[in-house]
Amino acid sequence: MESKAVVLIVGAGPSGIATAACLTHHSIPYVLLEREDCHASLWKKGTYDRLGLHLAKQFCSLPYKPHPPKTPTFLSKEHFVRYIDEYVSQFDINPRYHRSVESASYDNSENKWRVEAKNTIEGKVEVYVAEFLVVATGENSEVYIPDVTGLDSFKGEIVHSKQYKSGLKYQDQDVLVVGYGNSGMEIAYDLSNFNCHPSIVVRGPFHVLTKEAVHRGMTLMKYLPVQIVDALTVIHAAFLFGNLSKYGIHRPNIGPFFQKSLTGRSPVIDVGTIKKIKQGEIQVVPAIVRINEDSVKFMDGTERKFDAIVFATGYKSSANNWLKDYKYALNEEGMPKNPFPAHCKGEKGLYCAGLSKRGLFGVARDAETIADDINKILSARN
């Protein structure tokens, strides 16, 4: 038996629930499918204990629900999860949990999307038919661990940052953190706080800023060109952190905000990691050549023993695993084929939310754009 819907949303993370709220605002019915047993499962289950939002609250709200004035400028994980729960309740969002979408294809004869989802509780496959399909599984739907030579031979513990909670279990151990984004740098800091001996792999240049500097820069860009904001921000960072090249950290040739808009790569928000690197509590090492059972050889020829490796190497989109006709909106990597800001609308009623590499601000924008476009199509027809 088929279940029919006007709009079918896949994924009940921030992107999915924001889209659901925006559709509700236009009185457009929808069905929301989620493979886990809760909404925002990555935030609730797949984040480390000390995680907090690095951007100010005005850039981290979802449509129609700004954060209250008394809320801290920078939210903790607990604050944000509570906000998400309140959002779901306020907009009466009721995802169908334990639905793992196995395939979605476009039926040209019916001009509808046919989606098959397995009910993992009952073990049966459910079929949904919808005019519009929104891919809201996000950029972080599947963990990514690079293919490192010899990784299978490593005798110690190997974890992805999704499984990492705190440095408590690694006390007095030598731990290698692979990945020099915000997660990697913060995990190295956390390990150091628990008397571990962390090293972090740095393979390329990146900007290091404070969260206050990012807040200031994002505010200034409302009034000044990005080149000026970048110049001021880099000067401030140089004054604050000094020359980090002697520690193995190099600054890119382009400014942090222009780099973000051009490549999607965010600056590293320092939580105290740089001070620990300067003090020698965290070691910076170059790219890995290979892993040999209990040791790792690096590009500079050095080789060191480690008890554990934490891969803070991010995630990748898994949409193409089940979206058979992804060509209508996505490329072969499961990311939007159209450039920003037209990225979220595809063909045949296919949309994607939360794939703009612009954080929660981008999530909110995508949700509003998608709901407005669907409303426009339906209103014109009526």
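Anything mentioned here points back to the structure above.
What counts, and at which threshold
- Residues numbered from 1 in each chain as written.
- Predicted model: local features only at pLDDT ≥ 70, side-chain atom pairs only at ≥ 80, totals over all residues.
- Heavy atoms only, no water.
- Salt bridge = Lys/Arg side-chain N within 4 Å of Asp/Glu carboxyl O.
- Helix = DSSP H or I, 4+ residues; strand = E, 2+ residues; numbered from the N terminus.
- Buried < 20%, exposed > 50% of the residue type's maximum accessible area, 1.4 Å probe, protein only.
- Core = buried A, V, L, I, M, F, W, Y, C linked by side-chain atoms within 4.5 Å.
- Pairing = 2+ DSSP bridges.
- Axes fitted to C-alpha atoms, helices over the stretch in contact; angles between N-to-C directions.
- Contact = heavy atoms within 4.5 Å.

A. View of the pattern of salt bridges. This structure, assessed with the given rule, holds 16 salt bridges. Of the charged contacts, one joins Arg50 and Glu186 as a salt bridge, the two residues approaching to 2.8 Å between their closest N and O atoms. With Arg50 in the loop between helix H2 (41-45) and helix H3 (77-90) and Glu186 in helix H4 (residues 182-193), this residue pair connects regions lying 136 residues apart in the sequence. For Arg50, a relative accessible area of 32% puts it in the partly exposed group. Accessibility expressed as a relative area gives 3% for Glu186, which makes it buried. The partner of Glu157 in a salt bridge is Lys169, with the nearest N and O atoms 3.1 Å apart. In this pair, Glu157 sits in strand S7 (residues 157-160) while Lys169 sits in the loop between S7 and strand S8 (174-178), placing the two residues 12 residues apart along the sequence. Owing to a relative accessible area of 27%, Glu157 belongs among the partly exposed residues under this scheme. The exposure class of Lys169 is exposed, given its relative accessible area of 51%.

B. Seen up close, the nonpolar core. Grouped together as the largest cluster of nonpolar side chains are 77 residues, with contacts concentrated most on Val7, Ile9, Ile17, Tyr87, Ile93 and Ile374. For this core, the element with the most residues is helix H9 (residues 359-381), which contributes seven residues. Counting 25 residues, the second largest nonpolar core, distinct from the first, contains Leu8, Val31, Tyr106 and Leu133.

C. View of the sheet that holds S7. If you trace the five strands from one edge of the open sheet to the other, you get S7-S16-S8-S9-S12, paired in parallel fashion. Because the sheet does not close on itself, it has two edges, and the strands there are S7 and strand S12 (283-285). The sheet shows a mean angle of 20° between the axes of neighbouring strands, taken without regard to direction. With five bridges connecting them, S8 and strand S9 (residues 197-201) associate as parallel partners. The partner of Asp174 across the bridge, within S9, is His197. Of the strands in this sheet, S8, S9 and strand S16 (308-311) touch H4, which is tilted by about 165° from S9.

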